[in-house]
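What the coordinates show
Chain by chain, the residues:
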Amino acid sequence: MAEIGKPINRIDGRLKVTGAAKYAAEFNQPQMAYAFPVRSTIANGTIRKLDTSQAQASPGVISILTHENAPRLKPFSREQLRTLGTNVGEDLVVLQDIRVHYFGQFIACVVAETYEQARHAANLVEAEYAEEKPKIDLSEELPNGLRPEKKAYGPEAQLNTGKAAEPLRAAPIKFEQIYKTSYETHNPMEPNGSVAWWDGADKLTIQESTQGVLTERAVIAYYFDLKPENVRVVSRFTGGGFGNKAFPWTSNVLAVMAAKVAKRPVKLVITRQMMQTNVGRRGETVQTVALGAEKNGRLTVMRHHNETYAKLTNFFEPSGETSEILYNTPLREITYKVAELNLGAPTYMRAPGESPGSFAAESAMDELAYELKIDPINLRVMNHTTVHPQKKLPFSSEYLKECYRTGAAKFGWARRKIEPRQVRNGRYLVGYGMAAATYPGERGTATVRIQMTADGGVKVLCATHDIGTGTYTILAQTAADALGVPIGKITVEIGDSNLPPAPLSSGARTAATVGPAVQAAGEALRRDLLHLTLAGKQSKLNGKKADEIDFSNAKFFVRSDASKTDSYIDIMRRNDRTMMESCMTTVPDAAKSPSESCLIAPTSREENKNEEKYAFHSFGAQFAEVWVDEDLGTIRVKRITSVQDVGRIMNEKTARSQIIGGVIFGIGSALMEESQFDKRWANPVTRTLADYHVPVNLDVTEIDVHFIGKPDPRISPIGARGVGEIGIVGISAAIANAVFNATGKRLRDLPFTPDKLI
Amino acid sequence: MRPFKYSRAQNTGNAVQTVAANTNSKFLAGGTNILDLMKEDVERPDELVDVTRLNFSQVRTVEGGANKGGVSIGGLGRNTDTANHPLVRQNFPLLTQAILAGASQQIRNMATNGGNLNQRTRCSYFYDTAMPCNKREPGSGCGALEGINRMHALFGWSNDCVAVHPSDMCVALVALDAVVKVQGTDGKERSIPFADYHRLPGNTPQKDNILNQGELITAIEIPKNNFASKSYYLKVRDRASYAFALVSVAAALEIEGNAIKNVRVAMGGVSHKPWRAVEAEKFLTGKAATEANFKAAADAEMRNAKPLEHNKFKVELGRRAIVRALTQAMKGGTNA
Ligand SMILES: Cc1cc2nc3c(=O)[nH]c(=O)nc-3n(C[C@H](O)[C@H](O)[C@H](O)COP(=O)(O)OP(=O)(O)OC[C@H]3O[C@@H](n4cnc5c(N)ncnc54)[C@H](O)[C@@H]3O)c2cc1C
Ligand code: SF4
């Protein structure tokens, strides 16, 4: 494999830096109008009256949609959406009734000739409400919380409820603490936005900012009662999607609705303020972790109680995830309690569950290590598991101990003092901390079509996405290797629901899912070419056996005599082919065969994600050095070493960028990110990026990333697991542990702003 | 954004007259604050008079008058140019540090000095038209008083408003005893001591300062002083850069023999106006520049703090920040 793994620049990099890469909202259409939503100013109650008369009279206004006049859509049904293989961000069909569930909910929408006119008129819509007291305080509502049976995506939520009490009582060493994590809001640079236009009454195109063109197509087709094939969703570039562009939100539906009513193309881009209320967030969590251990540090029991909120969704932050996977212990109890609040839906956000969950669990391990005066790495190694604790299956490929070892060496862990407050640098206290990380190795079903034209150009086609991760580039690299053509000959076309199907780009599954399909389709096309040359009368390779032939640089040659060659272009020319194509579907072992597919690639069960035999997880070790200015309560992360066991690295450079991005997300989570809501009115007071802080350059220093780089031979013939999410996991714990090592103060309440330390 | 009329001022008289004549009009300088507020429907002028072409952007030595020998910075000078001007860097490094601690490079390139003085509070309830706010809508109530008031005032607040002035630059200017030069509507220039320029909220929080409608800031004069070798601006915030101050302190000292001859301490992020820490100054004057005295001075100042529900930490933080800023100032104002 010549191309896969190389740290080449993004093939779309030039387009991005020159502005030629067009994002959803840049696809202006002739006759396009602009929609601007009107938001509720209460968080709980009903709309009594909407007065749109002033707005209606405002210049440029084309129409105003309200619950009274908006097109009726099919009611929400989780079951039906599930059968269609999709989901929505919020179980709320926009503008269908008078109920207000949360502050900022869309209660009307102005369509006007210009954006400014729409926005101005939206300010003129007057609403009267019957207001009820909003529920917004998690601690107040938790007593009425529910204990969900299942997590949103299926598995049992409650594990061994009540069973840990006895072993905890009996444990020679006991430890229990409460950890809290804050509301976090995805704030990708590009806000969610759509340009939608109808072609008659039953055909629709949407330029969308999304992580899932097909999931969105299914939702829109469902709500508007259209044939899915009549809906086209296009998303060539997505300016960051961290979960809040996974499933459609009310804004996406509203754009389509507005275009229908205005009978014109409509652009709807939500504001940064709406990003804080209408497109999901990570729920606040309260996590109680109890550990029981022998005096030597061997765990005898783990208990992880998780409390959070949900609203308008069956999703809740699954913060017990890492506790299900890491460490060997005779018993683990993991429970969830979920309260309803008047907030928009919580949703998937980079490493949902693992990120806040690892903060609690990996802080607790550090606390236990300190109590026992054991090196935190040794404690982890002592309790290491090579088997998935629930499934009792071996991990497909697991190098966690190697991550610890490499990380410790690269970071200089040996210099760490076990007692806190030992290292000073000027006015700073210096501390080291580490944490383990894990994230599932997801892989789904994908279909890829590859076309080669007479000039030797290759096109890779698939309805997958590049949400900033480097998909374009790694698919080109994979195709280059599978076909044996130079990467410069390859163009990748993705982000269009009319292309061969691929799943949602979430859960760090894209490389692992689409990569194998590209490889299969590339190999199929190469085999077709090979047959032609071996059978070709004028071919220099005529009559040779397939296993005597090698390929590179768009040519076949005889392995024992490299002067005997035949190029792909020549083969096509001699055979009068202007275009050759292949289409392959790859289906992991445990997945059902899709109803529509191309030829299903034959893959041995052993290397096709056989979930009966193996559990699939990535692992990592995170190390942090912090400098704490104790007087002022400020924490600076001086450096991070992140070692990742994520299977084969498809591109060193884009993979590294993903980990760096995840680590920075983790620094944000540890030190500053927090959405705050007023306890009386449930409105966010963190309304813009001036109040919702994400790390700036000065918050981010050296991030040293290392990959174990061992392909996972069981997940797919390519051996790659995802890199998109695991970078964040464990970072806030590593920082918390480093802060303890520096100061002797244990912080258990994210984020660590100066008020928490002084 | 509401529709508004835009015009470009040709000369000062015309700019002042236009804005004086229409109580619903405003000057437009860098636009980094007023335009955001208009988009959010917080500010609703129907007319903007762009003053950026007027000739008030120079930094120069004051030739005559009370501040002779000091430095004048133009009301329409850009924050970046002002901070980096040699006259400012050499004579008032405190001002350079304070300006550069604010906002981001891009915003400072646009932002003007006059605009910086007149920027409005960052109180989130002020920005959200769905919320009560006496500053935005007199009589509607103060959302922050019993709301999330972590970023709000410790000193001089009233039940009608607990907001803080967000500027860094102004904290240095109040410490340096600057004077605001204003072109009045009567065609005359008036001088306002910096400490009197911004107001406490009282029961009229809608007024941030004592400027009259139509009055234009033409310059800010900083009198000569001997603080250049011992001054420091400290800003404590929720991230390393590009965030408003939780607490900031401008400190400047002049030492004679073993005693503090002259000292200035001012604070940001603690009041409706840039807060001159008079009690701390009073305590320190004539005493030795020791850590113990710095602590006692900080105590003297912070004793009068009246924290709200979520900003109690700022009392201790303020105390420590005063000590740190004074200490750093004594070390020559570097970060070391
Ligand atoms: C994201 C962000 C972060 C920021 N962070 C900081 C920070 O950390 N510290 C900090 O100090 N500042 C910060 N700022 C604020 C910034 O400094 C101000 O927005 C800027 O100084 C305003 O200057 P301007 O010229 O753009 O004013 P404009 O927006 O043009 O005007 C502001 C107001 O001043 C009036 N005005 C302007 N010039 C004059 C004049 N000559 N005479 C009379 N009235 C006048 C206008 O009518 C208007 O009411 C930040 C701003 C943003 C957007
Ligand atoms: S503190 Fe002042 S600005 Fe903030 S809500 Fe109260 S009145 Fe308005």
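Conventions used here
- Residues numbered from 1 in each chain as written.
- Chains lettered and ligands numbered in written order.
- Predicted model: local features only at pLDDT ≥ 70, side-chain atom pairs only at ≥ 80, totals over all residues.
- Heavy atoms only, no water.
- 1 Å grid on protein atoms, 1.4 Å probe; cavity = no way out; pocket = protein on both sides within 12 Å on 5 of 7 lines; lining within 4 Å.
- Points joined across faces, edges and corners; volume = space filled by probe spheres on them.
- Helix = DSSP H or I, 4+ residues; strand = E, 2+ residues; numbered from the N terminus.
- Nonpolar A, V, L, I, M, F, W, Y, C, P; charged D, E, K, R; others polar.
- Expected span 1.5 Å × (residues − 1).
- Buried < 20%, exposed > 50% of the residue type's maximum accessible area, 1.4 Å probe, protein only.
- UniProt positions renumbered as here; feature names shortened; annotations may be inferred.
- Pairing = 2+ DSSP bridges.
- Disulfide = S-S within 2.5 Å.
- Near = heavy atom within 4 Å.
- Polar contact = N/O pair within 3.5 Å; in protein donor to acceptor, adjacent residues only side chain to side chain.
- Areas by Shrake-Rupley, 256 points an atom, 1.4 Å probe, with all protein chains shown as cover.
- Domains from an automatic or database assignment.
- Phe/Tyr/Trp six-rings, centres within 6.5 Å; stacked < 30°, edge-to-face > 60°.
- Contact = heavy atoms within 4.5 Å.
- Buried area = accessible area lost by both parts, 1.4 Å probe.
- Salt bridge = Lys/Arg side-chain N within 4 Å of Asp/Glu carboxyl O.
- Axes fitted to C-alpha atoms, helices over the stretch in contact; angles between N-to-C directions.

1. Section: the layout of surface pockets
Residues and elements named next belong to chain A. When its volume is computed, the second largest pocket comes out at roughly 970 Å³. Secondary structure elements with two or more residues in the lining of the second largest pocket: β1 (33–39), α4 (115–124), β6 (126–131) and α9 (272–275). Tallied by class, residues from the lining of the second largest pocket come to 19 nonpolar, seven polar and 13 charged.

2. Let's talk about helix α11 (residues 354–372) of chain A
All names here are of chain A. Given a rise of 1.5 Å per residue, 19 residues ought to cover 27 Å, and the 26 Å separating the end C-alpha atoms of α11 matches this to within 8%. Of all 19 residues that make up α11, 17 are buried, and the element is covered over most of its length. K373 occupies a position one or two residues after α11 and carries a positive phi of about 55°.

3. A word on the UniProt feature "domain: Aldehyde oxidase/xanthine dehydrogenase a/b hammerhead" (unreviewed entry) in chain A
In the numbering used here, UniProt assigns the feature "domain: Aldehyde oxidase/xanthine dehydrogenase a/b hammerhead" (unreviewed entry) to residues 18–133 of chain A. Between the C-alpha atoms that bound residues 18–133 of chain A there is a distance of 50 Å. The span itself is 19% helix and 30% strand.

4. Quick look at the sheet that holds strand β2 (residues 45–51) of chain A
Residues and elements named next belong to chain A. Spatially, the three strands line up as an open sheet ordered β4-β2-β6, and their pairing is antiparallel. Here the strands that pair on one side only, and so sit at the sheet edges, are β4 (99–100) and β6. The sheet contact formed by β2 and β6 spans six bridges and is antiparallel. Note that in β6 the partner of L50 across the bridge is A127.

5. Digging into the state of the cysteines
Counted by the stated rule, this structure contains one disulfide over all chains. Linked covalently through their sulfurs, C583 of chain A and C598 of chain A form a disulfide whose S-S length is 1.9 Å. Classification of the bridge connecting C583 of chain A and C598 of chain A rests on its S-S torsion, roughly 80°, and on that basis the disulfide is right-handed. Of this pair, C583 of chain A sits in strand β23 (residues 579–586) while C598 of chain A is found in the loop between β23 and β24 (599–600), placing the two residues 15 residues apart along the sequence. Given a relative accessible area of 13%, C583 of chain A falls into the buried group. Taking relative accessible area as the criterion, C598 of chain A reaches 21% and is therefore assigned partly exposed. The thiol sulfur of C170 of chain B is not disulfide-bonded, and the nearest other cysteine sulfur, from C161 of chain B, lies at 16 Å.

6. Thoughts on helix α13 (residues 313–330) of chain B
Residue and element names in this part refer to chain B. In this model, α13 (18 residues) spans 26 Å end to end at C-alpha, consistent with the 26 Å of a helix rising 1.5 Å per residue. In terms of burial, α13 is a largely internal element, 13 of the 18 residues being buried. Among the residues trailing α13, G332 stands out with phi positive, at a value near 95°.

7. Considerations on the site of ligand 1
Residue and element names in this part refer to chain B. Around ligand 1 there are 32 residues in total, and F27, G31, T32, T112 and D168 lie nearest to it. Between a nitrogen atom of ligand 1 and a side-chain N or O atom of D168, the distance comes to 2.7 Å. For ligand 1, whose accessible area on its own is 970 Å², the fraction buried by protein is 95%. Only β2 (25–28), α7 (113–118) and β8 (216–222) provide two or more residues apiece to the shell around ligand 1. Of all the elements, α7 adds the most residues to the shell around ligand 1, at four residues. Here the shell around ligand 1 is built from residues that sort into 14 nonpolar, 13 polar and five charged. Counting residues domain by domain, the shell around ligand 1 receives three or more from each of domain 1 (5–52) and domain 2 (231–330).

8. Re the packing of aromatic side chains
All names here are of chain A. Applying the stated rule across the entire model yields 26 aromatic pairs over all chains. An angle of 45° between the planes, with centres 6.4 Å apart, marks the rings of Y153 and Y348 as tilted. With Y153 in the loop between α5 (138–141) and α6 (165–170) and Y348 in the loop between β14 (332–340) and α11, this residue pair connects regions lying 195 residues apart in the sequence. Using a relative accessible area of 39% as the deciding quantity, one classes Y153 as partly exposed. Taking 5.0 Å as the distance between ring centres and 50° as the angle between the ring planes, the aromatic pair formed by F556 and Y568 counts as tilted. Highlighted residues: F556 in strand β21 (residues 555–558) and Y568 in helix α16 (residues 568–574), separated in sequence by 12 residues. Both residues of the pair, F556 and Y568, count as buried. In textbook terms, an aromatic cluster arises when at least three aromatic residues are bridged by ring pairs, as seen for Y153, F247, F315 and Y348.

9. With respect to the interface of chain B and chain A
Counting residues at the interface gives 37 residues for chain B, matched by 36 residues for chain A. In this assembly, chain B packs against chain A so that about 3,200 Å² is buried in total across both faces, 56% of it on carbon and sulfur atoms. In this structure, the connection of chain B to chain A is made through five salt bridges. Residues D629 of chain A and R324 of chain B are paired through a salt bridge, measuring 2.6 Å at the closest nitrogen-oxygen approach. Here chain B is connected to chain A by 13 residue pairs in polar contact (both at pLDDT 80 or more). Elements that contribute at least two residues to the side of chain B that touches chain A include exactly α8 (124–127), β9 (231–236) and α13 of chain B. Its residues assigned to classes, the side of chain B that touches chain A comprises 18 nonpolar, six polar and 13 charged.

10. Some details on the site of ligand 2
Around ligand 2, a shell composed of 15 residues is seen, among which C123, C133, C142, C161 and V162 of chain B lie nearest. A breakdown of the residues in the shell around ligand 2 according to their chemical character gives nine nonpolar, four polar and two charged.

11. Some points on the pattern of salt bridges
Residue and element names in this part refer to chain A. According to the stated counting rule, one finds 68 salt bridges over all chains in the structure shown. A salt bridge links R78 to D91, with the nearest nitrogen and oxygen atoms 2.6 Å apart. Residue R78 is located in helix α3 (residues 78–83), and its partner D91 is located in the loop between α3 and β4; the two are separated by 13 residues in the primary sequence. Among the residues examined, D91 registers a relative accessible area of 18% and is labelled buried. A salt bridge links E419 to K373; the nearest nitrogen and oxygen atoms lie 3.2 Å apart. Linking E419 in the loop between α13 (400–411) and β15 (423–425) with K373 in the loop between α11 and α12 (376–382), this pair joins segments that are 46 residues apart in sequence. The partly exposed category is assigned to E419, whose relative accessible area is 29%.

12. A few points about the sheet that holds strand β16 (residues 428–440) of chain A
Two strands in a sheet stick together by hydrogen bonds in their backbones, pointing the same way (parallel) or opposite ways (antiparallel). Residue and element names in this part refer to chain A. Judged by pairing direction, the sheet is mixed, and its five strands sit side by side in the order β15-β16-β25-β26-β27 without closing on themselves. Where the open sheet ends on each side, the last strands, each with one partner, are β15 and β27 (702–707). For this sheet, the mean inter-axis angle between neighbouring strands, taken without regard to orientation, is 30°. In terms of strand pairing, strand β26 (residues 634–645) meets β27 through six bridges, oriented parallel. What sits directly across from V643, in β27, is H706. Packing against the sheet, helix α17 (residues 652–671) makes contact with β26 and β27, and its axis sits at approximately 130° to β27.

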